[in-house]
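Reading the structure
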Amino acid sequence: MARSVREAEKAHHDVTDAASMGSAQIRALRAQSNQAIAAHDADRTVSFMAPDVVVGVAGGPTLTGRDASRAAFAEQFADRAFVTYVRTIDSVTLVDPMRATERGRWVGRWRLKTGMHEQGGSYTAEWRCSEMGWLIHAETFVEA
């Protein structure tokens, strides 16, 4: 019986460790993603996305596929007024060892003649782990 308890405790710790590691990896990837956007690097920005990613743009269209997201970012980066988007994580929940849900807040910034303009809201992202690591499979941005 004691062995079963020890095995159960070890299994619980293994799951807890995997969740902590997955959460930490996703948080690090989101920080890198924010840096890529700030650098206006469309290729690096979409490198965190799965090839078949689906992105619900706040107040805009639904983008399907990494190429569509890359084109949208490239267009945004060509706008001289555009500064950046920053996504700030509120929570990361591992659904299982291969899937996670991220929830947070986003803000976009533009430098206009009248001063800095900000727009933001909330977002959710679905991450999946594969042989390529954690990738975003879906994101939905809602304007506040």
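Below: a short report on this structure.

Thresholds applied
- Residues numbered from 1 in each chain as written.
- Predicted model: local features only at pLDDT ≥ 70, side-chain atom pairs only at ≥ 80, totals over all residues.
- Heavy atoms only, no water.
- Helix = DSSP H or I, 4+ residues; strand = E, 2+ residues; numbered from the N terminus.
- Buried < 20%, exposed > 50% of the residue type's maximum accessible area, 1.4 Å probe, protein only.
- Contact = heavy atoms within 4.5 Å.
- Areas by Shrake-Rupley, 256 points an atom, 1.4 Å probe, with all protein chains shown as cover.
- Core = buried A, V, L, I, M, F, W, Y, C linked by side-chain atoms within 4.5 Å.
- Pairing = 2+ DSSP bridges.
- Axes fitted to C-alpha atoms, helices over the stretch in contact; angles between N-to-C directions.

1. Focus on the overall build of the protein chain
- Helix and strand counts for the protein chain stand at 3 helices and 6 strands.
- Listing every helix and strand of the protein chain by position from the N terminus yields α-α-β-β-α-β-β-β-β.
- Per-residue burial over the protein chain gives 35% buried out of 144 residues.
- Sequence separation of at least 24 residues holds for 51% of the intrachain contacts in the protein chain that already meet a minimum separation of 6.
- As presented, the protein chain carries roughly 8500 Å² of accessible surface, and 55% of it is formed by carbon and sulfur atoms.

2. A word on the nonpolar core
- One finds F73, Y85 and W127 to be the most contacted residues of the largest nonpolar core, which totals 28 residues.
- Not counting chain neighbours up to four residues away, the residues in contact with F73 comprise I37, A42, T45, V46, M49 and Y85.

3. Digging into the side chain of S69
- Residue placement: S69 occurs in helix α3 (residues 66-78).
- Here S69 is in contact with V46, M49, V53, V55 and L63, once residues within four sequence places are set aside.

4. Side note on the pairing of strand β3 (residues 82-96)
- Sheet topology places β3 next to strand β4 (residues 99-112); 12 bridges connect them, and they run antiparallel. Its bridge partner being in β4, R87 is matched across the sheet by W106.

5. Things to note about the sheet that holds strand β6 (residues 133-143)
- Pairing is mixed across the open sheet formed by 6 strands, whose spatial order is β2-β1-β6-β5-β4-β3. Two strands lie at the open edges of the sheet, namely β2 (62-64) and β3, each paired on one side alone. Strand-to-strand twist of the sheet, defined as the mean angle between neighbouring strand axes without regard to direction, takes the value 20°.
- As judged from the 4 bridges shared by strand β1 (residues 49-56) and β6, these two strands associate in the parallel manner. In the sheet register, G56 faces β6, and the bridge partner there is T140.
- Set on the sheet, α3 makes contact with β1, β2, β3 and β4; between it and β1 the angle comes to about 65°.

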